[in-house]
Amino acid sequence: MGLFSKKVSHKAGQVDKSRLPRHIAIIMDGNGRWAKKRGLPRTAGHKVGAETFRKIALQCKALGVEYLTIYAFSTENWKRPAEEVSTLMSLLKKYMQEAIDTMERDKMKLRFFGDLSALSPELQDLACRANAVADRVEGFQANLCINYGGRDEILHAAKLCAAAGEEMTEENLEKHLYSAGIPDPELIIRPGGELRLSNFLLWQCAYSEFYFCDTLWPDFGERDLDEAIVAYQQRDRRFGGVK
Ligand code: IPE
Ligand code: IPE
Ligand code: MG
C-alpha cells in the first residue's frame, strides 16, 4: 500500500473507535499524594479517587470498551494505617450498595476480583448481592480488584486446578482465575508516576501494552484515558512473531 493510499478514518491523535482495546486495566495510584499536596488527609484523596473511577468507567462504557479492571486494594494494602484501611472499606461499601441499586438501570455490571473472605461479613454479603444482580445484567463490565494480588490469584487457581484433579495446562489454570472467561487486558494504565505492577494481573499481563503517566489518579480525566488509548493504538503488537 502506498504512503498516501491508506484510508484514515480518524484524525491523528484521536481515539480510533474501530480499534479499541476490549479490556482496559488500571492501577489507580496517587490518591495519597494528591491529598498531601493539598494539605488534606490521605483519605480525602481516596474519596475523590473513587469518583474518578465512576467517571472513567462511564467513559469506557460510552466508548465501547467491554471490560474495565480496576485495582482498588491489594493483598499488601492491609499494611496501611487502620484508619486508611477503614475509609477504603467504607468507600467500598458505599459503591457496592450503589451498584446493587443501579446496575440493571445503567446496564453496567460490577464484579469483584480478589480474596473476599478477608472482608467483613457485611461487605461479603453486599458482594454476594451485587453478584446476584450482575448475573442479570448484560453489557459493559467493571471488575473491582479488592484484596487482590496477582500471585495470590495464580496460587489460588493452581490449588483449585489440583483439587479438581485437572491436568495443569494454561487453559485449565485460566478457568480458575478471577478473570475466567474475560480476554486479557490489551492495555494496562498506571497513573501516579510509579513504573511497576505492584502485583497486578501477573498472569493476564503477558502481552499487555503498558501506559504510565504522572497524573495522579484523582486528577485523571477523559483526556488522559484518550491519550492512553491513542498511545496503545500506535503500538506494534507482535506477540513474539514477525510482521
Ligand atoms: C491508590 O492511591 C489507592 C490505593 C492503593 C488504595 P495511593 O493510596 O497508593 O496513593 P499514593 O500512591 O500513596 O499517592
Ligand atoms: C498498587 O498501589 C495497589 C493499588 C492501586 C490498589 P500501591 O500504592 O499500593 O503500590 P506501591 O506500594 O506503590 O507499589
Ligand atoms: Mg500508591
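Worth saying up front: this structure is predicted, and the values here are computed from it rather than measured.

A few words now on the pattern of salt bridges. In total, this model carries 19 salt bridges according to the counting rule given. Residue Arg 33 pairs with Asp 29 through a salt bridge whose shortest N-O separation is 3.2 Å. We note a salt bridge from Arg 33 to Glu 194, for which the minimum N-O separation is 3.8 Å. In this pair, Arg 33 is assigned in helix H1 (residues 31-37) and Glu 194 in the loop between strand E5 (187-190) and strand E6 (209-212), connecting sequence segments 161 residues apart. Glu 194 sits in the partly exposed class, given a relative accessible area of 24%. A single network of salt bridges, built from pairs that share partners, joins Asp 29, Arg 33, Arg 190, Glu 194 and Arg 196.

The final tally for this structure, using the stated rule, is 9 aromatic pairs. Judged by centre distance (4.8 Å) and plane angle (70°), the ring pair of Phe 73 and Trp 78 falls under edge-to-face. Residue class for Trp 78 comes out partly exposed when judged on its relative accessible area of 35%.

Next up on the list: the site of ligand 1. What surrounds ligand 1 is a group of 13 residues, the closest being Asp 29, Gly 32, Arg 33, Arg 42 and Arg 80. The separation between an oxygen atom of ligand 1 and a polar side-chain atom of Asp 29 is 2.8 Å. Contact between ligand 1 and Asn 31: an oxygen atom at 3.1 Å from a main-chain N or O atom of the residue. Coverage of ligand 1 by the protein chains reaches 88% of its 370 Å² of free accessible surface. With 3 residues, H1 is the single largest residue contributor to the shell around ligand 1.

Looking at the secondary structure, you find Ala 44 in helix H2 (residues 42-63). Spatially, the C-alpha atom of Ala 44 lies 8.0 Å from that of Gly 32, the residues being 12 residues apart in sequence.

Basis of the calculations
- Residues numbered from 1 in each chain as written.
- Chains lettered and ligands numbered in written order.
- Predicted model: local features only at pLDDT ≥ 70, side-chain atom pairs only at ≥ 80, totals over all residues.
- Heavy atoms only, no water.
- Salt bridge = Lys/Arg side-chain N within 4 Å of Asp/Glu carboxyl O.
- Helix = DSSP H or I, 4+ residues; strand = E, 2+ residues; numbered from the N terminus.
- Buried < 20%, exposed > 50% of the residue type's maximum accessible area, 1.4 Å probe, protein only.
- Phe/Tyr/Trp six-rings, centres within 6.5 Å; stacked < 30°, edge-to-face > 60°.
- Near = heavy atom within 4 Å.
- Polar contact = N/O pair within 3.5 Å; in protein donor to acceptor, adjacent residues only side chain to side chain.
- Areas by Shrake-Rupley, 256 points an atom, 1.4 Å probe, with all protein chains shown as cover.

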